[in-house]
Amino acid sequence: RTLTISGGAAATVVSVANPTGDAADQYVWYNLDTEINTDVDRPAIFGLPCDGGNGSHLPTKPAAFIPESCATLFGTANGSLIVSAFRGPLVVGAGNTTMPFVGATTTLAAAPVGAKTTATLKLKASQITLATKNPFYWTYGGFTGPDIVASGSAPYMSLSNFSNTPFNSYDQSLIAGVPSNYSSTNPNIALDTWNPWGLGVSNFAACSVSTYDCQTLPAKKPLAISTIFHDPGTSSSYYGWKASGGSAIAYNSSCYTLTPNASRTISITTKVATYLGFDQYLYFGFTDCASGGYPANGTTVAVTATAANGIVYSGLAGGTEDYYLYMNTYLPVTPITSLTITIHVASGSPAQIGLGEIYN
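Analysis parameters
- Residues numbered from 1 in each chain as written.
- Predicted model: local features only at pLDDT ≥ 70, side-chain atom pairs only at ≥ 80, totals over all residues.
- Heavy atoms only, no water.
- Helix = DSSP H or I, 4+ residues; strand = E, 2+ residues; numbered from the N terminus.
- Buried < 20%, exposed > 50% of the residue type's maximum accessible area, 1.4 Å probe, protein only.
- Contact = heavy atoms within 4.5 Å.
- Disulfide = S-S within 2.5 Å.
- Patch = residues over 30% accessible without salt bridge, like charges linked within 9 Å, V, L, I, M, F, W, Y side chains within 5 Å.
- Areas by Shrake-Rupley, 256 points an atom, 1.4 Å probe, with all protein chains shown as cover.
- Salt bridge = Lys/Arg side-chain N within 4 Å of Asp/Glu carboxyl O.
- Pairing = 2+ DSSP bridges.
- Phe/Tyr/Trp six-rings, centres within 6.5 Å; stacked < 30°, edge-to-face > 60°.
- Axes fitted to C-alpha atoms, helices over the stretch in contact; angles between N-to-C directions.
- Polar contact = N/O pair within 3.5 Å; in protein donor to acceptor, adjacent residues only side chain to side chain.

### Structural notes on the environment of threonine 227
Here's step 1: Its location among the elements puts threonine 227 in the loop between strand 16 (223-224) and strand 17 (242-244).
Here's step 2: Overall, the relative accessible area of 10% leaves threonine 227 in the buried class.
Here's step 3: Through-space distance from the C-alpha of threonine 227 to that of valine 209 is 5.5 Å; in sequence the pair is 18 residues apart.
Here's step 4: Residues within four places of threonine 227 in sequence aside, it is in contact with Phe136, Tyr137, Val209, Thr274 and Tyr275.

See the structure below:
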């Protein structure tokens, strides 16, 4: 069928989605992809939202093992769009995706093949405030919003398309607005509660990092935001690295200058809480900076990280201007309470080593 979706001049994105409560059609793309129902005839039904898939879940066939509700988003310059869509029930929506946020959705009943349907949406305020504690990004900048996940009984939701929209991942649920004066003295951000499925905000949770330490929305206390470990190298105040064993560390506006001990070893530690991901990759950007320079070939870098539960993880690297390693972490997110970097500097290295960014 053909849909005409109009959100008015304020709309910059329109959407088409499977209703999250529609058990019959919610699994359409899964069933097609896994060929669960290929042994029976099915009508040739094409259209959104599931990547232009055809067919539907038949009552006599099993549902998907993992519930999924598709949504397709389209950027629009004039607030309206005409699309071909699946003939089953749908949720269509429109929003502006910029502060102050407004949006709307409506549910459309099933329609026969070839039907033409028009949905005119009146956008209304969809913005809520989320208080945060965010020392990492207040130090280094670059914050674009917290991780938002489906919560409670909400199904897995996936975006089939998000080109020309502020959504930036296939499983992103809500978008955030970060004020230009966002800081420790202005710690509030805006969340757009509009979503392609028309779900209430209590179906979502805001997380400190990835899917770890989450609060169901609307949050009852400030969200403490963190990040997977990395040090941009543009400030010494956040991690507060301390040298030990006779080595030394100094900060010189854009890099660390590291001085090895008599055994050509540098050891620095931070006890600022952070996180590591699965099989965490870390790269050490040695550099010519201030009085520091590149280490000689044969230099090694070892990292040990103590988790909140006392387990110690490690990784080892060595090379020429290309020092990277993988930690032996095995969980999607591991909270870390202490992290130590030990560098054994090869013979022929300069008296001091320059270290810029440590990134993941």
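Further notes follow.
### Focus: the state of the cysteines
Here's step 1: On inspection of all chains with the given rule, the structure shows 2 disulfides.
Here's step 2: The side chain of cysteine 207 participates in a disulfide bridge whose partner is cysteine 214; the two sulfur atoms lie 2.0 Å from each other. Sign of the S-S torsion, about 100 degrees for the bond between cysteine 207 and cysteine 214, identifies this disulfide as right-handed.
Here's step 3: Through a disulfide, cysteine 255 is tied to cysteine 289; the S-S separation comes to 2.0 Å. With the S-S bond torsion at -100 degrees, the cross-link from cysteine 255 to cysteine 289 turns out left-handed. Here the residue cysteine 255 occupies a position in the loop between strand 18 (248-251) and strand 19 (256-259), and cysteine 289 occupies one in the loop between strand 22 (281-286) and strand 23 (300-307), the gap between them amounting to 34 residues.

### Regarding a nonpolar patch on the surface
Here's step 1: Taken together, Phe278, Ile311, Tyr330 and Leu331 make up a surface patch of nonpolar side chains, about 410 Å² in accessible area.
Here's step 2: Take isoleucine 311: it is sitting in the loop between strand 23 and strand 24 (312-318).

### A word on the pairing of strand 21 (residues 274-277)
Here's step 1: The alternating pattern of strand 21 places Thr274 and Leu276 on one face and Tyr275 and Gly277 on the opposite face, and all of these are buried.
Here's step 2: Direction of pairing for strand 21 relative to strand 26 (residues 333-344): antiparallel, over a ladder of 4 bridges. Residue pairing across strands places threonine 274 opposite isoleucine 336, the latter belonging to strand 26.

### Description of the packing of aromatic side chains
Here's step 1: Applying the stated criterion across every chain, the model contains 19 aromatic pairs.
Here's step 2: A centroid spacing of 5.1 Å and a plane angle of 45 degrees characterise the contact between tyrosine 137 and phenylalanine 143, whose relative ring orientation is tilted.
Here's step 3: Relative to tyrosine 275, the ring of tyrosine 212 has its centre 5.4 Å away and its plane inclined at 65 degrees; by these criteria the two rings are edge-to-face. Separated by 63 residues along the polypeptide, tyrosine 212 in strand 15 (residues 212-216) and tyrosine 275 in strand 21 bring together distant segments of the chain.
Here's step 4: A relative accessible area of 11% places tyrosine 275 in the buried class.
Here's step 5: In this structure an aromatic cluster arises from ring pairing among Phe136, Tyr137, Trp138, Tyr140, Phe143, Tyr182, Phe229, Tyr238, Tyr239 and Trp241.

### So, the sheet that holds strand 27 (residues 353-359)
Strand pairing in a sheet takes place through backbone hydrogen bonds and is either antiparallel or parallel in direction.
Here's step 1: Reading across the sheet, the 5 strands line up as 18-19-27-22-25 and stay open at both edges, with antiparallel pairing between neighbours. Every interior strand has two partners, whereas the edge strands, strand 18 and strand 25 (323-326), have only one. Sheet twist, expressed as the average angle between the axes of neighbouring strands with direction ignored, equals 30 degrees.
Here's step 2: As paired elements, strand 22 and strand 25 share 4 bridges and run antiparallel to each other. Looking at the pairing, tyrosine 281 lines up with tyrosine 326 of strand 25.

### Considering the side chain of threonine 340
Here's step 1: Mapped onto the fold, threonine 340 is located in strand 26.
Here's step 2: Accessibility expressed as a relative area gives 15% for threonine 340, which makes it buried.
Here's step 3: There is a polar contact of 2.8 Å between the side chain of threonine 340 and the side chain of threonine 269.
Here's step 4: Excluding anything up to four places from it in sequence, threonine 340 contacts Ser267, Ile268, Thr269, Ala302, Val303 and Thr304.

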